[in-house]
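One letter stands for each residue in the lines below.
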Amino acid sequence: IPSSDAHTGRTMTRSVVQEHMKKLSSHCAKMVLELDSNVGRIRQLNEEKQAIVREFAEAREYHDEILGKYEAMFKKMCIKQDEEIGRMNADKDEMRRQIKERDGIVRQLLDAVEKLETALKAMTKVAEDAVMSKRQVRE
């Protein structure tokens, strides 16, 4: 039974339609095989991606653990260094205080030496005057 093609005005026989159907069926079967192959490849890629994500997560976890340890060590080092600097500053302050104290003592000693020198000069003058008086009395 011929069928008519409205667009081309051709008539198709049943055998031609069946042949087209076979070709379409074969083409569809190839496409299904190709799709199945692609689905398999996509699944494989997805599994690889998941493995990479797991590796990344493990590496990130390890990185965070190591980073946490180094941050803790760094904080401890900073605290120790701060304490050491505090002790050094306290030592410097104590040294400054001792230097000022010693400077005060040195000034007192210099004042005392100056007073002794003044007293010694006065005593020397008195002694010289006494010696001069005795000479004048003898003469």
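The written sequence of each chain sets the order in which its residues are numbered from 1. Per-residue local features of the predicted model are confined to residues with pLDDT of at least 70, and side-chain atom pairs are confined, for both listing and counting, to 80 or more; whole-chain, interface and lining totals are unaffected and use all residues. To obtain the side-chain values, all non-hydrogen atoms of the structure were included, while hydrogens and water were left out.

1. Considering the overall build of the protein chain
Then, number 1: The helix count covers DSSP runs of H or I at least four residues long, the strand count covers runs of E at least two residues long, and both are numbered beginning at the N terminus. Along the protein chain, the regular secondary structure elements total one helix and two strands.
Then, number 2: C-alpha atoms define the radius of gyration, and 2.2 Å times the number of residues to the power 0.38 defines the globule rule. Computed over the C-alpha atoms, the radius of gyration of the protein chain is 57 Å, more than 25% above the 14 Å expected from 2.2 N^0.38 for a compact globule of 139 residues.
Then, number 3: Referenced to the eigenvectors of the C-alpha coordinate spread, the extents of the protein chain come out at roughly 185 × 35 × 15 Å.
Then, number 4: Counting all 139 residues of the protein chain, 0% fall into the buried class.
Then, number 5: Just so you have it, the protein chain exposes about 13,500 Å², and 60% of that area is on carbon and sulfur atoms. Exposure classes here rest on a 1.4 Å probe applied to the protein chains alone. A residue is buried below 20% of its type maximum, exposed above 50%, and partly exposed in between. Only the protein chains shown count as cover for residues, and all accessible areas are computed by the Shrake-Rupley method using a 1.4 Å probe.

2. A closer look at the confidence of the model for the protein chain
Low-confidence regions, as indicated by low pLDDT, have predicted coordinates that should not be scrutinised in detail.
Then, number 1: In the predicted model, the protein chain carries a mean pLDDT of 89, and the fraction of residues at 70 or more is 91%.
Then, number 2: The quantity known as pLDDT measures the predictor's confidence residue by residue, on a range of 0 to 100. Per-element confidence in the protein chain is highest for helix α1 (residues 14-138), whose mean pLDDT is 93, and lowest for strand β1 (residues 3-4), whose mean pLDDT is 50.

3. Remarks on the environment of Glu-94
Then, number 1: Counting through the fold element by element, Glu-94 comes out in helix α1.
Then, number 2: On the accessibility criterion, Glu-94 (33% relative accessible area) is partly exposed.
Then, number 3: When the C-alpha atoms of Glu-94 and Arg-43 are compared, they prove to be 75 Å apart, with 51 residues separating the residues in sequence.

4. Some remarks on the pattern of salt bridges
Once the charged atoms of two side chains with opposite charge are near each other, the side chains can pair.
Then, number 1: Just to be clear on terms, a salt bridge is a Lys or Arg side-chain nitrogen sitting within 4 Å of an Asp or Glu carboxyl oxygen. Taken as a whole and assessed by the stated rule, the structure comprises seven salt bridges.
Then, number 2: Arg-97 is paired through a salt bridge with Glu-101; the nearest N and O atoms lie 2.9 Å apart. One end of the pair is Arg-97 and the other is Glu-101, both in helix α1 and four residues apart, which spans about a single turn.
Then, number 3: Between Asp-129 and Lys-125 there is a salt bridge, and its shortest N-O distance comes to 3.6 Å. Residue Asp-129 and its partner Lys-125 are both found in helix α1; the two are separated by four residues, about one turn of the helix.
Then, number 4: Connected through shared salt-bridge partners, Glu-94, Arg-97 and Glu-101 make up one network.

5. Considerations on a nonpolar patch on the surface
Then, number 1: Together, Val-17, Met-21 and Leu-24 make up an exposed nonpolar region whose accessible area comes to about 270 Å².
Then, number 2: Looking at where Val-17 falls in the secondary structure, it is placed in helix α1.
Then, number 3: Given a relative accessible area of 34%, Val-17 falls into the partly exposed group. Each patch is built from salt-bridge-free residues with over 30% relative accessible area, joining like charges within 9 Å and nonpolar side chains (Val, Leu, Ile, Met, Phe, Trp, Tyr) within 5 Å.

6. Focus: the environment of Gln-108
Then, number 1: Mapped onto the elements, Gln-108 comes out in helix α1.
Then, number 2: When the C-alpha positions of Gln-108 and Tyr-62 are compared, they lie 68 Å apart, and in sequence the two are 46 residues distant.

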